[in-house]
Amino acid sequence: MTVAAVILLAAAVWIGSLYLRPFGRCPRCHGQGHVRTCKGLRRAQRLGSRTVHRLARSIRAEAERTRQQRATSASREDQP
Ligand SMILES: [Zn+2]
């Protein structure tokens, strides 16, 4: 495996983990809940997780749009 493939794989794993687990242990209080910034939740949204979810949403929306367009054009072909 080349270095580029390893980096690409690591990025894919990281993005996948961001998507599946958008929240991680709060980095400020290390999961102790002492710091007011996480309001005692002991969790914090991981950096980039919002971007990953927004991207996934836009990809899904685009796929849905393509599917609907195909369905519309197919029904048009049925008409005389
Ligand atoms: Zn905290």
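As shown above, the structure is provided for reference.
Residues numbered from 1 in each chain as written. Predicted model: local features only at pLDDT ≥ 70, side-chain atom pairs only at ≥ 80, totals over all residues. Heavy atoms only, no water.

Asks: Help me understand the overall build of the chain in this model?
Replies: When its secondary structure is counted, the chain shows 2 helices and 2 strands. Each helix and strand of the chain, ordered N terminal to C terminal, gives the series α-β-β-α. A compact globule built from 80 residues should have a C-alpha radius of gyration of about 12 Å, whereas the chain, at 21 Å, is more than 25% larger. Of the roughly 7,100 Å² that the chain leaves accessible, carbon and sulfur atoms contribute 59%. (Helix = DSSP H or I, 4+ residues; strand = E, 2+ residues; numbered from the N terminus. Rg over C-alpha atoms; globule rule 2.2 N^0.38 Å. Areas by Shrake-Rupley, 256 points an atom, 1.4 Å probe, with all protein chains shown as cover.)

Asks: So what exactly am I meant to see when it comes to the coordination of the zinc ion here?
Replies: The expected angle between donors at a tetrahedral four-coordinate metal is 109.5 degrees. At an octahedral six-coordinate metal it is 90 or 180 degrees. Those donors, Cys26 (SG), Cys29 (SG) and Cys38 (SG), are the protein atoms that reach the zinc ion, and they lie 2.2 to 2.3 Å from it. If you list the donors of the zinc ion from N- to C-terminus, the spacing comes out as C-x2-C-x8-C. A relative accessible area of 5% places Cys29 in the buried class. A relative accessible area of 6% places Cys38 in the buried class. (Donors = N, O, S within 2.8 Å, 3.2 Å for Na, K, Ca; no water. Buried < 20%, exposed > 50% of the residue type's maximum accessible area, 1.4 Å probe, protein only.)

Asks: Looking at this structure, how should I read a nonpolar patch on the surface?
Replies: Taken together, the side chains of Met1, Val6, Leu9 and Val13 define a hydrophobic patch exposed on the protein surface, amounting to about 460 Å² of accessible area. Inspection of the secondary structure assignment puts Met1 in the segment before helix 1 (3-20). (Patch = residues over 30% accessible without salt bridge, like charges linked within 9 Å, V, L, I, M, F, W, Y side chains within 5 Å. Salt bridge = Lys/Arg side-chain N within 4 Å of Asp/Glu carboxyl O.)

Asks: What is the right way to look at the pattern of salt bridges in this model?
Replies: Should the charged atoms of two oppositely charged side chains come close, the side chains can pair. Within this structure, the stated rule accounts for 2 salt bridges. A salt bridge links Glu62 to Arg65, with the shortest nitrogen-to-oxygen separation between them at 3.0 Å. With Glu62 and Arg65 both in helix 2 (residues 49-78) and 3 residues apart, this pair spans about one turn of that helix. We classify Glu62 as partly exposed; its relative accessible area is 41%. Assessed through its relative accessible area of 44%, Arg65 is described here as partly exposed. With its nearest N and O atoms 3.0 Å apart, the salt bridge here joins Arg67 to Glu64.

Everything listed here is a matter of geometry and, on its own, says nothing about what the molecule does.
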